[in-house]
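An overview of the molecular structure
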Amino acid sequence: MGEYSRPSENDKCDAANASQAWAETVRLLAVGTQIAGEVIGRQPFGAFLSIDGHADAVGLARVDRMPTCMELPTLGQRVTGQVIWHADHNHQVGITLSEWSSHEDLLPRFAERVGQVVAGHVTKVAPIGFFVRIASCVEGLVPLTEPVEDLAEAVHEGQLIFVQIIAVDLERSRVLLSPNLASRSSRVLETSTPDDYLDVIDVLPKPNGQRLFL
């Protein structure tokens, strides 16, 4: 079995039964209901769950609710959570997992620290720049204006570096940084306002399709 699978591939879901029981599922599993269950399938967009006491119900915990420093639960793992929505078109019950909900979002703290210099560790070096983790689940990008041949020598994963917080976009969960004591070979994107930094990210490719911001 690969990393990803659907409930039907694991003989854990009968779509016909889920459809027939949908009205009762919605009634018994109202929004706000606390649930416990087991992971019966995983996809890049989320984890499918069986729900204790509701044999015909299929839950889905979507990754857009998951803190980026966490991973999807594994197949067969026991979880708890809360019902947050119902999808009539595919008879799925939306779940936010308890461990996700209890995780503190540290990003707003950094919105108040724009202009300050902070320490962090480089987590990824890419053609567009390098990423620095400045807190648990909070990473920012130091973008480059053009490819730098010796960037890998100047900056490497795990390196402790001091960066200045240039801009924080809470709505889009993005952090833009500028190196404070980085190598001179790192050519940082030079723009006139913090908004320019944020706008440029929309046209920068995201390596390996990963989520690079909180």
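This structure is a prediction, so every number in the text was calculated from the model and none was measured.

Of regular secondary structure, the chain possesses six helices and 10 strands. The proportion of buried residues among the 214 residues of the chain is 44%. Partitioning the intrachain contacts of the chain with sequence separation of at least 6 by distance along the chain shows that 65% fall at a separation of at least 24.

As a further point, take the pairing of strand 10 (residues 174–179). For strand 10, the tally of buried residues reaches six of six residues, placing the bulk of the element in the interior. Residues Arg174, Leu176 and Ser178 line one face of strand 10 and the alternating positions Val175, Leu177 and Pro179 line the opposite face, and both faces are buried. Where strand 9 (residues 160–169) lies against strand 10, six bridges are found, and the strand directions are antiparallel. Directly across from Val163, in strand 10, lies its bridge partner Pro179. Connecting strand 9 to the next strand, strand 10, in antiparallel fashion are four residues, including Ser173 with a positive phi near 55 degrees.

Pairing is mixed around the closed barrel formed by five strands, whose spatial order is 1-2-3-5-4. Mean inter-strand twist for the sheet, computed between neighbouring axes without regard to direction, equals 50 degrees.

It is worth spelling out the side chain of Thr25 at this point. Note that Thr25 resides in helix 2 (residues 22–28). If we ignore the near neighbours within four places in the chain, the residues touching Thr25 are Ala57 and Val93.

Our focus in this paragraph is unusual backbone geometry. The backbone of His91 sits at a positive phi, close to 55 degrees, despite the residue not being glycine. Mapped onto the elements, His91 comes out in the loop between strand 4 (78–87) and strand 5 (92–97).

Examined against the element boundaries, Ser5 turns out to sit in the segment before helix 1 (15–20). Assessed through its relative accessible area of 2%, Ser5 is described here as buried. Beyond its immediate sequence surroundings of up to four residues, Ser5 is in contact with Asn10, Gly41, Arg42, Gln43 and Leu75.

Most of strand 2 (residues 46–51) sits out of view: five of its six residues are buried. Bridge count for strand 1 (residues 34–43) against strand 2 is six bridges, and the pairing is antiparallel. Counted as the bridge partner of Glu38 is Ser50 from strand 2. Here strand 1 folds back onto strand 2, and the loop between the two strands holds two residues. Sheet topology places strand 2 next to strand 3 (residues 54–62); six bridges connect them, and they run antiparallel.

Here we take up the pattern of salt bridges. Enumeration over the complete set of coordinates arrives at five salt bridges. The residue Arg78 makes a salt bridge to Asp52 at a minimum N-O spacing of 2.5 Å. With Arg78 in strand 4 and Asp52 in the loop between strand 2 and strand 3, the pair connects residues that are 26 residues apart, well separated along the chain. For the salt bridge of Asp64 with Arg62, the shortest nitrogen-to-oxygen distance reads 3.7 Å.

So, how was this worked out
- Residues numbered from 1 in each chain as written.
- Predicted model: local features only at pLDDT ≥ 70, side-chain atom pairs only at ≥ 80, totals over all residues.
- Heavy atoms only, no water.
- Helix = DSSP H or I, 4+ residues; strand = E, 2+ residues; numbered from the N terminus.
- Buried < 20%, exposed > 50% of the residue type's maximum accessible area, 1.4 Å probe, protein only.
- Contact = heavy atoms within 4.5 Å.
- Pairing = 2+ DSSP bridges.
- Axes fitted to C-alpha atoms, helices over the stretch in contact; angles between N-to-C directions.
- Salt bridge = Lys/Arg side-chain N within 4 Å of Asp/Glu carboxyl O.

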